[in-house]
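Observations on the three-dimensional arrangement
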Amino acid sequence: DSPALQRIFHEQVRAILRVSAFGSVRLLVPLVNRTALLDLALATVEEVRRELALEGLAHDRNVPIGAMIEVAAVAPLIADWAERVDFFSLGTNDLIASALGQDREDPVGARPDDAMHPGLVRLLAGVIDAARQARRPVSACGEMAGDPAGALVLTALGVDSLSVAVDRLGDVRRALARLPASDRPAFRDLLLQARGTTDVARAVQARLDA
């Protein structure tokens, strides 16, 4: 929230809103770790909107604005933030690191099955439930979203969309075909009842192998 960073953010928002005159655009605010920072970002968007209107420059005045959830501490704030934004996106790489006390750049103690941690699964469920209760869509990106097992967990928990690299799209689609919509509530309950990482991983693998 330094003046220099605010100027850069202002210019970025201005560029995004100007582009919105030529096609569909959504504005996602990353690295939000407190309400005051989100409010500052939203105030900047409003300021830029007023500037463009005064200058007579074309832009979409109703560009949807979202918040990227990347810090575990903001999970309980989703209901409050839903009044301020139009959608949420789960940044799973940073969120997993934050939830499990890891340094993303030097992940000492990181394990391949970290995305199956029952505490993380319940954290994600809480965020998604709060957003859906407020009728705000939730997407997910990052390694978890692009992994067949992780995508299966996220879909069972209720995310609306996944951001997946093209080279992983086929594997993710095949995994999700193993979880028809009618099976998702029961599978979700199974994941939330799991007591250990191994339990979650076994449940997911059994579904993938079915």
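In what follows, the accompanying structure is described.

What counts and how
Residues numbered from 1 in each chain as written. Predicted model: local features only at pLDDT ≥ 70, side-chain atom pairs only at ≥ 80, totals over all residues. Heavy atoms only, no water. Helix = DSSP H or I, 4+ residues; strand = E, 2+ residues; numbered from the N terminus. Rg over C-alpha atoms; globule rule 2.2 N^0.38 Å. Buried < 20%, exposed > 50% of the residue type's maximum accessible area, 1.4 Å probe, protein only. Contact = heavy atoms within 4.5 Å. Areas by Shrake-Rupley, 256 points an atom, 1.4 Å probe, with all protein chains shown as cover. Pairing = 2+ DSSP bridges. Salt bridge = Lys/Arg side-chain N within 4 Å of Asp/Glu carboxyl O. Phe/Tyr/Trp six-rings, centres within 6.5 Å; stacked < 30°, edge-to-face > 60°. Lys NZ or Arg CZ within 6 Å of the ring centre and 35° of its normal. Axes fitted to C-alpha atoms, helices over the stretch in contact; angles between N-to-C directions.

1. Notes on the overall build of the protein chain
Within the protein chain, the regular secondary structure consists of 10 helices and five strands. Against the globule reference of 17 Å for 210 residues, the protein chain gives a C-alpha radius of gyration of 19 Å, in line with a compact fold. Referenced to the eigenvectors of the C-alpha coordinate spread, the extents of the protein chain come out at roughly 60 × 35 × 30 Å. Looking at the protein chain as a whole, 40% of its 210 residues qualify as buried. Across the protein chain, the fraction of contacts at a sequence separation of at least 24, relative to all contacts at a separation of at least 6, is 64%. On the protein chain, roughly 11,300 Å² of surface is accessible, and the fraction owed to carbon and sulfur atoms is 51%.

2. Focus: the pairing of strand E4 (residues 138-141)
Pairing geometry for strand E3 (residues 87-91) and E4, over four bridges, is parallel. Each residue of the ladder has a partner; that of Phe-88, found in E4, is Val-138.

3. Notes on the pattern of salt bridges
Under the definition given, this model contains nine salt bridges. Here Arg-132 makes a salt bridge to Asp-160, at a shortest N to O gap of 3.2 Å. On the criterion of sequence distance, the pair formed by Arg-132 in helix H5 (residues 118-133) and Asp-160 in the loop between helix H7 (148-157) and strand E5 (161-162) is long-range, its members being 28 residues apart. Assessed through its relative accessible area of 45%, Asp-160 is described here as partly exposed. The closest approach of N and O atoms between Arg-207 and Asp-183, which form a salt bridge, is 3.1 Å. Here the residue Arg-207 occupies a position in helix H10 (residues 197-209), and Asp-183 occupies one in the loop between helix H8 (169-176) and helix H9 (184-193), the gap between them amounting to 24 residues. Since its relative accessible area comes to 28%, Asp-183 is described here as partly exposed. Taken together, the salt bridges that share partners define one network made up of Arg-14, Glu-51 and Glu-55.

4. Considerations on the packing of aromatic side chains
Taken as a whole, this structure holds zero aromatic pairs when the rule is applied. Sitting above the plane of the Phe-87 ring, Arg-26 keeps its charged end 4.0 Å from the centroid. The side chain of Arg-207 reaches across the aromatic face of Phe-187, ending 5.3 Å from its centre.

5. Focus on the sheet that holds E5
Ordered in space as E1-E2-E3-E4-E5, the five strands form an open sheet in which the pairing is parallel. Either end of the sheet is taken by a strand with one partner, and the two such strands are strand E1 (27-29) and E5. Relative to strand E2 (residues 65-69), helix H2 (residues 35-55) is tilted by about 155°, and along the sheet it contacts E1 and E2.

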